[in-house]
Amino acid sequence: MFKKMSVFLTSFLGLMLASVGVSEAALNAGVGTGFTALQTDALALIDLVWPVTIAVTVAFIILGLFKKAAGKAV
């Protein structure tokens, strides 16, 4: 049973890898341009999110320090 399953999986993976090689050769230039544009947009969004992330992190640190100081004062 295990030999049959491993032979099946090996042949299936081999066929999948062969089809990926064929499909990559058939892509036109528009697909590459689209993915490049998507990557550019994603990096622009990440650049916009960093300042907000830093501000929220600093706010949580300040709140934690305030809670600690207020707890000691009581």
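Every residue gets a number counted from 1 within its own chain, in the order that chain's sequence is written. Totals for whole chains, interfaces and linings use every residue, but because this is a predicted model, local features are given only for residues with pLDDT of at least 70 and side-chain atom pairs only at 80 or more, for both listing and counting. Just so you know, side-chain values use all the structure's heavy atoms and leave hydrogens and water out.

*Asks:* Give a description of the overall build of the protein that names residues and reports values.
*Replies:* Strands are runs of DSSP state E lasting at least 2 residues, helices are runs of H or I lasting at least 4, and numbering of each runs from the N terminus. From N to C terminus, the protein includes two helices and zero strands. Of all 74 residues assigned to the protein, the portion counted as buried reaches 0%. For every residue, the accessible area (1.4 Å probe, protein chains only) is compared with the maximum for its type, and the residue is labelled buried under 20%, exposed over 50%, or partly exposed between those bounds.

*Asks:* Residue-level account of helix H2 (residues 29–73), with values.
*Replies:* Compared with the 66 Å implied by 1.5 Å per residue over 45 residues, the 66 Å span of H2 between its first and last C-alpha is a close match. Along H2, the sharpest change in direction is near 30 degrees and occurs at valine 49; proline proline 51 comes one to four residues later. What a helix should span is 1.5 Å times the count of its residues minus one. Two axes are fitted around each residue, one to the seven residues ending there and one to the seven starting there, and the angle between them is reported as the bend at that residue.

*Asks:* Can you explain the environment of threonine 40? Please cite residues and give values.
*Replies:* Inspection of the secondary structure puts threonine 40 in helix H2. Reaching out from threonine 40, the side chain makes a polar contact with the backbone oxygen of threonine 36 at a distance of 2.8 Å. By the criterion applied in these results, polar contacts are pairs of N or O atoms within 3.5 Å in which, for protein atoms, one can donate a hydrogen and the other can accept it, and in which residues neighboring in sequence qualify only through two side-chain atoms.

*Asks:* Talk me through a nonpolar patch on the surface; I want residue IDs and the actual numbers.
*Replies:* Where nonpolar side chains cluster on the molecular surface, the patch consists of Met5, Phe8, Leu9, Phe12, Leu13 and Met16 and spans about 590 Å² of accessible area. As for its position among the elements, methionine 5 is in helix H1 (residues 2–25). Only residues whose relative accessible area exceeds 30% and that take part in no salt bridge are eligible for patches, with like-charged residues grouped when within 9 Å of each other and nonpolar side chains (Val, Leu, Ile, Met, Phe, Trp, Tyr) grouped when within 5 Å. Areas reported here follow the Shrake-Rupley algorithm with a probe of radius 1.4 Å; residue values treat only the protein chains shown as occluding. Should a side-chain nitrogen of Lys or Arg be within 4 Å of a carboxyl oxygen of Asp or Glu, the pair is scored as a salt bridge.

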